[in-house]
Amino acid sequence: MSVSLLPSSHSEFQLKDYWEKFFQKRKAPFEWYGEYLDLCHILHKYIKASNTILVVGCGNSKLSEDLYDVGFTSIDNIDISEVVIKQMTSKNRTKRPEMTYTVMDIFEMTYNDSTFDCVIDKGTLDAVCVNSGQETIDKVKNMFSEISRVLKSNGRYICISLSQEHVLNQLVAAHSQGWIIRVHVVKCVGEKVGVASALPVFIFVMTKMASPAIQIFEYVNEDEKCIRCEDDAGIIEFVRNCQQYALVLHHLGSMHMEEQVCLDLWSGSNNIEPRFTLRVVDLPKKKALNGQFAIFLVPQGRETNWLFSSSAGSTQLAESAGYERLVIVTLHRGHTYQSLDKVKEEISTKAMELSQDSLPDRIKCPVLSLAEGVGSRTVLLESSSSSSGGFVVEESQDEEERGLVRRLVFLESPHLAQTEILMINKSDGASKRKGKKGRQHKNGGKLFDFSELMFPYHKLMLSSLALIGGEEGGKRGRNPTGAALDILIVGLGGGALPMFIKKHIPMVCQDVVDLDGSMIQVAIDWFGLEADQIVTGGEGEKILVHRDRGKLNVIQGDGVEHIMSLSDRKQANTLYHVIILDVDNKDAGSGLSSPPLSFTTPQFLQAAKSLLHPNGM
Ligand SMILES: C[S@@+](CC[C@H](N)C(=O)[O-])C[C@H]1O[C@@H](n2cnc3c(N)ncnc32)[C@H](O)[C@@H]1O
């Protein structure tokens, strides 16, 4: 559309004068929101050839002509513009004799009540509903009541709209009682011009029911599945999600992204967690030696790996893959995935939507992965606790082929393992790892392999012990309790770090604080934690009883409170050589994955410092 045809303000769309001038200038058909071929697959579901149809605000659209030509001959068209009605009448009078064009204001239609089986509105509501001011609200109400009046019972108001917020709210509110509301999103209307449209088009089908008590809300997703919502909020959410998704696609299509973008894709069968998460990573052109676009499938059970779960890791992955844009796809718990081929089939069209518009052939693109299959994970325990929320204990094969890995994952951060530990099958343990201490566990008949720390940051934390000094340091009097080194760890998780220390650094006496009592039990039951004593935070002083080297004391309580109260009491024999904070931060918005902000206040840091030996860390 040429710029001169645009109104100077949105509200001009409501004015007859604006449309008269518009159609004087614009003689060729102008289609708002798509042509017959873009829309017919949906329209044909709701109208029959025998139906009496009214098209409100017909403009010079070809939609009515095309409908007529395929057999919908009983069509009345109305528009406020005399210019356009004159043009359309002379164009169709002889070619389509049964179709009428009449100058009529939608707010004062002259038809009798219950005249039509169907009212079609393509863009007219959007032209009338220009803002959320009271005057507009009154106009829109008037329009809806006129449409309802001329519709027969069980008749349909089919409204094709961009559904911007003020339009959506009024449309849904006006039809939420006594109507069935069903909404479709129209795919790809903007794609013909090469750039994914930033504004998707929706088709609302509102069926007028005889009973005013009826309240039915449905949306039809891209797989053509009709989903029933509990209330109108479900419909509004669907429309907003489609709009946000289209906006993201529009940006992805047209620009290089400086920051990574993550999108969740949901399937109709599970609305608790998404089926796929797609992370889009862009590289500068000069680093993309292999091509423009590829998809990378992360096998199940490996999504917690740094390479796939962090933005730095994903950049590294994209650099080694060598594509200008890499879409990293992770698969979620609670879903079944049959095979790599099936997943590729399922995901490739969606992932391709995220490709750059400049891609010469949008059909073919490489799908990369680590392994031949989709990987597998075995969920051993799924539970929840009051402080950590939902969590799972699961096992899968390690990507570095070190063997079977058992991990603890909090479902609030499904791509982050809280604890990982290597497992040995009983037979392997007996032969290959003879002599190593692994404890056979009642669940699964496997042994825990405490010989390796799985998280690199745990290794770094342990290096602090080397800086403090070992047994010698203790003998020189830094540790009056007699243990060579006293350390305090806040955050037990599955207990992999404390158990590694207990097994391999015997001169250490550890106090480990964790808020979550049920997590302490999980650590014992599923991760082989061997605690020498377990006390609750209020019984803090009891931990002083067992202060021998090699001891592992677990304190159930709040880490901040524990440290503050020990500090208040200023007991010299509770001094530590090292204090380690290994606590996850549940506040995703704070920008810190660990520790929570309450562990970073000056008061807390002072208290922690007061509990340290000189030279402690
Ligand atoms: C966005 S255009 C849509 C035209 C056409 N339906 C299409 O899809 O191309 C809005 C149309 O509504 C018409 N219109 C605006 N206010 C009207 C009113 N009060 N009564 C009837 N038609 C009106 C305009 O003249 C214009 O043709």
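As annotated in an unreviewed UniProt entry, the chain carries the name Methyltransferase domain-containing protein and comes from Amphimedon queenslandica.

**A short note on the overall build of the chain**
Each helix and strand counted, the chain has 18 helices and 24 strands in total. Burial analysis of the chain (617 residues in total) assigns 51% to the buried set. Within the chain, counting contacts between residues at least 6 apart in sequence, those at least 24 apart form 68% of the total. Total accessible area on the chain is roughly 28,500 Å²; 53% of this is exposed by carbon and sulfur atoms.

**Observations regarding the sheet that holds strand E19 (residues 446-449)**
Strand order across the open sheet formed by 5 strands is E15-E16-E17-E18-E19, with antiparallel pairing between neighbours. Each edge of the sheet is formed by a strand with only one pairing partner; in this case those strands are strand E15 (378-385) and E19. Strand-to-strand twist across the sheet, computed as the mean angle between neighbouring axes with direction ignored, equals 25°. Sheet analysis places strand E16 (residues 389-397) next to strand E17 (residues 404-410), joined by 7 bridges and oriented antiparallel. Note on E17: the bridge partner recorded for Phe391 is Phe410. This element, helix H16 (residues 517-527), spans E15, E16, E17, strand E18 (417-425) and E19 of the sheet and lies at about 170° to E17.

**Notes on helix H13 (residues 456-468)**
Turning to H13, its buried residues number three or more, namely His458, Met461, Leu462, Ser464, Leu465 and Ile468. All buried residues of H13 lie within an arc of 120° about the axis, which places them on one face of the element. In H13, the exposed residues that point more than 90 degrees away from the buried face are Pro456, Leu460, Ala466 and Leu467.

**Let's talk about the packing of H13 against helix H15 (residues 496-504)**
As a packed pair, H13 and H15 sit with axes 11 Å apart at the nearest point and diverge in direction by 50°. Relative to H15, H13 is oriented oblique. Handedness of the crossing formed by H13 with H15: right-handed. Contacts between H13 and H15 involve His458, Met461 and Leu462 from the former and Leu497, Phe500 and Ile501 from the latter. Grouping the constituent residues of the contact of H13 with H15 by class yields 5 nonpolar, 1 polar and no charged.

**Looking at empty space enclosed by the protein**
If a probe the size of a water molecule is rolled over the atoms, the empty space left behind becomes visible. Following the criterion strictly, the structure yields 2 cavities of 30 Å³ or more and no others. Taken as a whole, the largest cavity holds about 50 Å³ of empty space. Forming the boundary of the largest cavity are Glu420, Ile421, Asp449, Phe450, Glu452, Leu453, Met454, Ala496 and Phe500. Where the lining of the largest cavity is concerned, the elements lending two or more residues are E18 and H15.

**Side note on unusual backbone geometry**
Residue Tyr33 is not a glycine yet carries a positive backbone phi of 65°. Turning to its location among the elements, Tyr33 is positioned in the loop between helix H1 (16-25) and helix H2 (36-46). Phi at Asn154 takes a positive value of approximately 70°, unusual for a residue other than glycine. Structurally, Asn154 can be placed in strand E5 (residues 151-161). In this structure Asn154 comes out as exposed when scored by relative accessible area, which is 52%.

Reading guide: rules and limits
- In this convention, every chain numbers its residues from 1, walking through the sequence in written order.
- Only residues with pLDDT of 70 or above have their local features reported here, since the model is predicted, and side-chain atom pairs are shown and tallied only from 80 upward, although totals for entire chains, interfaces and linings are computed over all residues.
- Here the side-chain values reflect all heavy atoms present in the structure, with hydrogen atoms and water set aside.
- For helices the rule is a DSSP run of H or I covering at least 4 residues; for strands it is a run of E covering at least 2, with both sets numbered from the N terminus onward.
- Accessible area is worked out with a 1.4 Å probe on protein chains only. A residue is then buried under 20% of its type maximum, exposed over 50%, and partly exposed in between.
- Residues count as neighbours in contact if any of their non-hydrogen atoms are within 4.5 Å of one another.
- Each accessible area value is a Shrake-Rupley result obtained with a 1.4 Å probe; residue values ignore everything except the protein chains displayed when judging cover.
- Criterion used throughout: strands pair if DSSP finds at least two bridges between them.
- Note on geometry: axes are lines fitted to C-alpha atoms, helical ones only across the stretch in contact, with angles between N-to-C directions running from 0 to 180 degrees.
- By arc we mean the arc of the directions from the helix axis to the C-beta atoms, nothing more.
- Each angle gets one of four labels, with under 35 degrees taken as roughly parallel, over 145 as roughly antiparallel, 65 to 115 as roughly perpendicular, and the rest as oblique.
- By definition, turning the near helix anticlockwise from the far helix through less than a right angle yields a left-handed crossing, and turning it clockwise yields a right-handed one.
- Under this grouping Gly is polar, as are all residues other than the nonpolar Ala, Val, Leu, Ile, Met, Phe, Trp, Tyr, Cys and Pro and the charged Asp, Glu, Lys and Arg.
- Here the term cavity refers to a set of points on a 1 Å grid, laid over the protein atoms alone, in which a 1.4 Å probe fits but cannot get out; the term pocket refers to an open set having protein on both sides within 12 Å along at least five of seven lines, with lining residues being those that place an atom within 4 Å of a point.
- Grid points are joined across faces, edges and corners, and a volume is the space filled by probe spheres set on the points.

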